[in-house]
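Tertiary structure, described
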Amino acid sequence: MRKQALILFFFALMLGLALPALAQTGTVKGYVKDDAGKPVVGAVVEMTNLENGRKVTLKTDKGGNFFSIGVPLGTYNIVFTQNGQQIWNIAKYPVGGGEDNPPINVDLAKERANQAANPANAEAAKKIEAAKAENAKIGNLNTMLKQANEAMTATPPNWDQAIQILQQATAQDTTHDLLFGRLGDAYLGGKQYPQAIESYNKAIALDPNKAAYHNNLAQALAKSNQADKAIAEYDNAAKLEPAQAGTYYFNEGAVLTNTGKVDDAIVAFDKVIAADPTKADAYYWKGVNMVGKAKTGADGKFEAPAGTAEAFNKYLELAPDGKYAEPAKQMLQTIGAPVTTSYGTKKTKPVKK
């Protein structure tokens with residue numbers, strides 16, 4: 001009798017130790033059916049505990065069923081996905097101890113019908129579907145942008161292919177300035193300047209504060225012999241992005257040099273020098289334009305404006321082996337400034353932007 005009582009005591013003790021552990025988990029079960037009422041096989045059921053963020057992940061079997069007996073107690077958000085796409089979700093599902101938790105049965109056909117009957121749910125469903133469609137469209141546009149960039153950076157660049165891809169992208173979405181900006185770049189690279197101008201103007205209409213669009217529009221305008229409009233766009237770019245003003249003013253000076261507006265070109269290169277005193281090429285092209293104002297004196301000597309020699313010498317100081325070193329020395333010799341190095345025979349070419 002005593003032995004039997006002892007066994008019963010230990011058995012009761014074991015039950016007493018086991019019961020608290022069992023009370024910490026609950027049973028979760030349910031099924032998932034598609035819009036046609038058929039079981040969804042391999043659906044992922046991800047349960048996220050709202051109190052500690054821990055996750056429990058289950059999968060549906062061949063009958064669309066899922067089951068677990070070891071789910072920690074708590075309140076969960078549940079997301080159902082199939083092939084990586086969310087098909088349903090349930091908010092704040094409580095998991096209690098034992099096997100008495102209500103089944104989590106998802107019948108998409110019935111759920112859709114319930115949504116249609118409830119205007120609030122129907123509106124929420126529309127927003128979800130719209131978000132999915134927008135994400136899919138953005139993914140497609142990003143793919144096309146990548147393909148266009150690859151075409152433009154190929155050796156040699158395939159401008160026609162890039163244009164074709166970006167035309168399709170802008171036809172699908174007219175709200176993203178980046179698409180029109182890149183289309184403008186493709187047209188500019190392909191020397192289709194009127195189309196480039198149109199595309200950059202559309203990009204600017206969507207976002208007028210991006211200096212690069214104004215600079216690139218100016219490039220296309222300059223190539224189309226619209227120098228005055230190009231200069232205005234370079235000025236806009238410099239105002240929008242002061243940190244890069246030197247680059248934009250240099251491009252402006254190049255257009256003015258190539259159109260023979262020497263006074264305005266000198267002013268532009270002075271702006272470059274003010275923005276970046278170390279930009280050697282600005283001194284060279286300032287000197288070139290100053291030579292354009294030179295006159296022949298009564299004694300037949302070539303007289304350049306004051307500061308011309310200083311401009312060329314500053315270039316040589318900053319870039320003694322630069323691509324314009326020999327032409328700079330030739331210019332100094334032409335205006336009668338002392339030169340101590342040998343001269344080349346290179347001719348001055350139009351300034352490149």
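Residues numbered from 1 in each chain as written. Predicted model: local features only at pLDDT ≥ 70, side-chain atom pairs only at ≥ 80, totals over all residues. Heavy atoms only, no water.

Looking at the pattern of salt bridges
- Taken as a whole, this structure holds 10 salt bridges when the rule is applied.
- Across the salt bridge formed by Arg182 and Asp185, the nearest N and O atoms sit 2.7 Å from each other. Here Arg182 pairs with Asp185, and both are found in helix H5 (residues 177–189), just three residues apart, close to one helical turn.
- Exposure remark for Arg182: the relative accessible area of 22% places this residue in the partly exposed category.
- Here Asp185 falls in the buried class, since its relative accessible area comes to 18%.
- In this structure, the salt-bridge partner of Lys293 is Asp263, at a minimum N-O distance of 2.7 Å. With a gap of 30 residues between them, Lys293 in the loop between helix H11 (280–291) and strand S8 (295–296) and Asp263 in helix H10 (residues 262–275) connect regions that are remote in the sequence. (Salt bridge = Lys/Arg side-chain N within 4 Å of Asp/Glu carboxyl O. Helix = DSSP H or I, 4+ residues; strand = E, 2+ residues; numbered from the N terminus. Buried < 20%, exposed > 50% of the residue type's maximum accessible area, 1.4 Å probe, protein only.)

Examining the pairing of strand S1 (residues 25–33)
- In this structure, S1 lies alongside strand S4 (residues 65–72), joined through six bridges in antiparallel fashion. Of the residues in S4, the one forming a bridge with Thr25 is Pro72.
- Where S1 and strand S7 (residues 104–107) come together, four bridges link them in parallel fashion. Each residue of the ladder has a partner; that of Gly30, found in S7, is Ile104. (Pairing = 2+ DSSP bridges.)

Some thoughts on the sheet that holds strand S5 (residues 74–82)
- Overall, antiparallel pairing links the four strands, which are arranged S3-S2-S5-S6 in an open sheet. Both outer strands of the open sheet, strand S3 (55–59) and strand S6 (85–95), are each paired with one neighbouring strand and no more. For this sheet the average axis-to-axis angle between neighbouring strands, irrespective of direction, equals 20°.
- Sheet topology note: the S5/S6 ladder contains eight bridges and is antiparallel. Bridge pairing in S6 links Gly74 to Val95. (Axes fitted to C-alpha atoms, helices over the stretch in contact; angles between N-to-C directions.)

Considering the confidence of the model for the chain
- Looking at the chain as a whole, its pLDDT mean stands at 86, while 85% of the residues score no less than 70.
- Within the chain, the lowest mean pLDDT, 44, falls on helix H1 (residues 2–22), and the highest, 98, falls on helix H6 (residues 193–206).
- Confidence drops under pLDDT 50 across residues 5–23; counting only partners more than four residues distant or on other chains, this segment forms two contacts.
- Within the model, the stretch residues 340–348 combines pLDDT values under 50 with 18 contacts to residues more than four positions away or in other chains. (pLDDT = per-residue confidence, 0-100. Contact = heavy atoms within 4.5 Å.)

Section: the nonpolar core
- In this structure, Phe269, Tyr284, Trp285, Phe312, Tyr315 and Leu332 are the most contacted members of the largest nonpolar core, which totals 33 residues.
- Of all the secondary structure elements, the ones that give two or more residues to this core are helix H8 (227–240), helix H9 (245–258), H10, H11, helix H12 (308–318) and helix H13 (325–334).
- The biggest single contributor to this core is H11, with seven residues.
- One finds Met152, Ile165, Ala186 and Ala218 within the second-largest nonpolar core, a separate group that totals 31 residues. (Core = buried A, V, L, I, M, F, W, Y, C linked by side-chain atoms within 4.5 Å.)

Thoughts on the sheet that holds S4
- Ordered by their spatial adjacency, three strands build an open sheet running S4-S1-S7, and the pairing between neighbours is mixed. The sheet is open, and its two edges are formed by S4 and S7, each paired on a single side. For this sheet, the mean inter-axis angle between neighbouring strands, taken without regard to orientation, is 15°.

Structural notes on unusual backbone geometry
- Along the chain, Thr155 connects to Pro156 via a cis peptide bond; the corresponding omega equals -5°.
- Unlike most non-glycine residues, Lys92 shows phi in positive territory, near 55°.
- Looking at where Lys92 falls in the secondary structure, it is placed in strand S6.

Concerning the packing of H9 against H10
- Where H9 meets H10, the axes come as close as 8 Å, and the angle between the chain directions of the two elements is 160°. Looking at the two axes, H9 sits roughly antiparallel to H10. As for how H9 packs across H10, the hand of that crossing is left-handed. Along the contact surface, H9 presents Gly246, Tyr249, Phe250, Glu252, Gly253, Ala254, Leu256 and Thr257, while H10 presents Asp264, Ala265, Ala268, Phe269, Lys271, Val272 and Ala275.
- Its residues placed into classes, the contact of H9 with H10 shows nine nonpolar, three polar and three charged. (Parallel < 35°, antiparallel > 145°, perpendicular 65-115°, else oblique. Left-handed = near helix turned anticlockwise from the far one by under 90°. Nonpolar A, V, L, I, M, F, W, Y, C, P; charged D, E, K, R; others polar.)

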